[in-house]
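# Understanding the architecture of this molecule
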Amino acid sequence: MSNLNTKATMIPSYATPTPEAHVPEGHKAKSSLWRVAFRRLLKNKLAMSGLAVVLFMFLACFVGPLFSPYTNGKTNLAIMNQAPSLRHWLGTDKLGRDVLTRVLQAGRISLTVGLASMVLSVFIGSILGAIAGYYRGIVDQVIMRVADLLMTIPSLPLLFIIGALLSDWKVPTDYRMYIVMVMLSIVGWPALARMVRGQILSIREQEFMQATVVLGLRDRRKLFHHLLPNIVPLLIVIATLNIGGSILMESVLSFFGLGVIAPTPTWGNMIDTANNLIDFQERPWLWIPPGLSIFATVIAINIFGDGLRDVLDPKQRK
């Protein structure tokens, strides 16, 4: 009996398994990597300050006009070109419209164009780059030659030509915003496609991709379940940085009257209202608020993007 009792005490007693014990190791590793990246990002005060500015601009532009009594945009020549006051915090423009409300409404258009063109360019560039890097051969040659052709043409003159054609064809103002989104995405996808192609060429030779060949997985599953998920951090960084560039390009086009034109307000065409020396010297409230909005938003987005690159890009880690 004593021997039995001794043996019984030597048998280890296992506790009830926790739900974490049933989680596959791969999912644990992925979640832990994203948690570590998120914690590192929180410690980057400069990146978080940039994110705070970006979130503030989005909230101000999309929520702020809802509380303004001047959202209808009616003209009132009796109060035209008034300096900032308690009633009009940033003054009024040449048609007597509240400048602050128009700056916020313009931010909606500029931010929407920048965000939408970024999504389109990342989607097109990542898909075409992944297809070119995976299949190689004639498919790779066709896609990359088209990308090289677009990259050899300076983007700003190309956008000027397309914008001039839109003005010549008298495209309605309501549709110009969407056309500008497509224009910016066409200019932005080639560089991204080349970058994604290079990453796919290196990843497809790794052991886990050779295992997918042995398992007989379809090409679609290899691309969308194994290759593209491995370059998500790179896509996040590029997408964040591209938003600032798209906002700048849209502002330049609108400033020259080749993008979104009045009466639809954007930060670019609001700066264009100060098109003479008198407005530039004596009425700074017409062009400084939209100019500062462009500057603060683009700088904040770039700072946040640099912080993301330091966190997500393994080559940047110390």
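Counting of residues starts from 1 at the beginning of each chain's written sequence and follows it residue by residue. The predicted nature of this model means local features are confined to residues of pLDDT at least 70 and side-chain atom pairs, given and counted, to a pLDDT of 80 or more, with totals for whole chains, interfaces and linings taken over all residues. As a convention, hydrogens and water are excluded, and side-chain values are obtained from all of the structure's heavy atoms.

Before going further, it helps to examine unusual backbone geometry. Omega for the bond connecting Ala262 with Pro263 falls within 30 degrees of zero, at 10°, which places this linkage in the cis form. A positive phi is found at Asn81, a non-glycine position, where the angle reads about 55°. The phi dihedral of Lys170 is positive, around 55°, even though this residue is not glycine. The residue Lys170 is located in the loop between helix H6 (155–168) and helix H7 (173–203) in this model. Each residue's exposure class comes from its accessible area (1.4 Å probe, protein chains only) as a fraction of the maximum for that residue type: buried when under 20%, exposed when over 50%, partly exposed otherwise. Accessibility expressed as a relative area gives 69% for Lys170, which makes it exposed. Numbered from the N terminus, helices here are DSSP runs of H or I no shorter than four residues, and strands are runs of E no shorter than two.

Let's shift gears to helix H4 (residues 99–135). By definition here, a helix of n residues has an expected span of 1.5 Å times n minus one. The terminal C-alpha atoms of H4 lie 53 Å apart, and with 37 residues this matches the ideal 54 Å at 1.5 Å per residue to within 8%. Following H4 by one or two positions, Arg136 has its phi on the positive side, about 55°.

What follows deals with a nonpolar patch on the surface. A patch consists of residues exposed above 30% relative accessible area that lack any salt bridge, with like charges linked at up to 9 Å and nonpolar side chains (Val, Leu, Ile, Met, Phe, Trp, Tyr) linked at up to 5 Å. Reported accessibility uses the Shrake-Rupley method at a 1.4 Å probe radius. Residues are deemed covered only where the shown protein chains occlude them. What counts as a salt bridge is simple: a side-chain nitrogen of Lys or Arg found within 4 Å of a carboxyl oxygen of Asp or Glu. Nonpolar side chains collect at one region of the surface, where Leu59, Phe62, Val63, Leu66 and Phe67 lie side by side and expose about 550 Å² of accessible area between them. With respect to the helices and strands, the residue Leu66 is situated in the loop between helix H3 (45–63) and H4.

This brings us to the UniProt feature "transmembrane region" (unreviewed entry) in the protein chain. In the numbering used here, UniProt assigns the "transmembrane region" (unreviewed entry) feature to residues 46–67, 109–134, 146–166, 178–196, 227–249 and 285–308. Here residues 227–249 is 83% helix and 0% strand, with 31 Å between the C-alpha atoms at its ends. Split by type, residues 285–308 is 88% helix and 0% strand. Its first and last C-alpha atoms lie 35 Å apart. UniProt positions are given in the numbering used here, feature names are shortened, and annotations may be inferred rather than shown by experiment.

For Ser251, the position within the fold is in helix H10 (residues 232–255). Here, two residues are considered to be in contact whenever any of their heavy atoms come within 4.5 Å of each other. Leave out the neighbours within four places in its chain, and Ser251 touches Gly268 and Ile294.

In this section: the side chain of Glu250. Residue position: Glu250 is located in helix H10. Two N or O atoms form a polar contact when they lie within 3.5 Å of each other; inside protein one atom must be a possible hydrogen donor and the other a possible acceptor, and for residues adjacent in sequence the pair counts only when both atoms belong to side chains. At 2.7 Å, the side chain of Glu250 and the side chain of Ser254 are in polar contact. Every residue in contact with Glu250, bar those within four places of it in the chain, is listed here: Ser110, Val113, Val180, Leu184, Val260 and Thr266.

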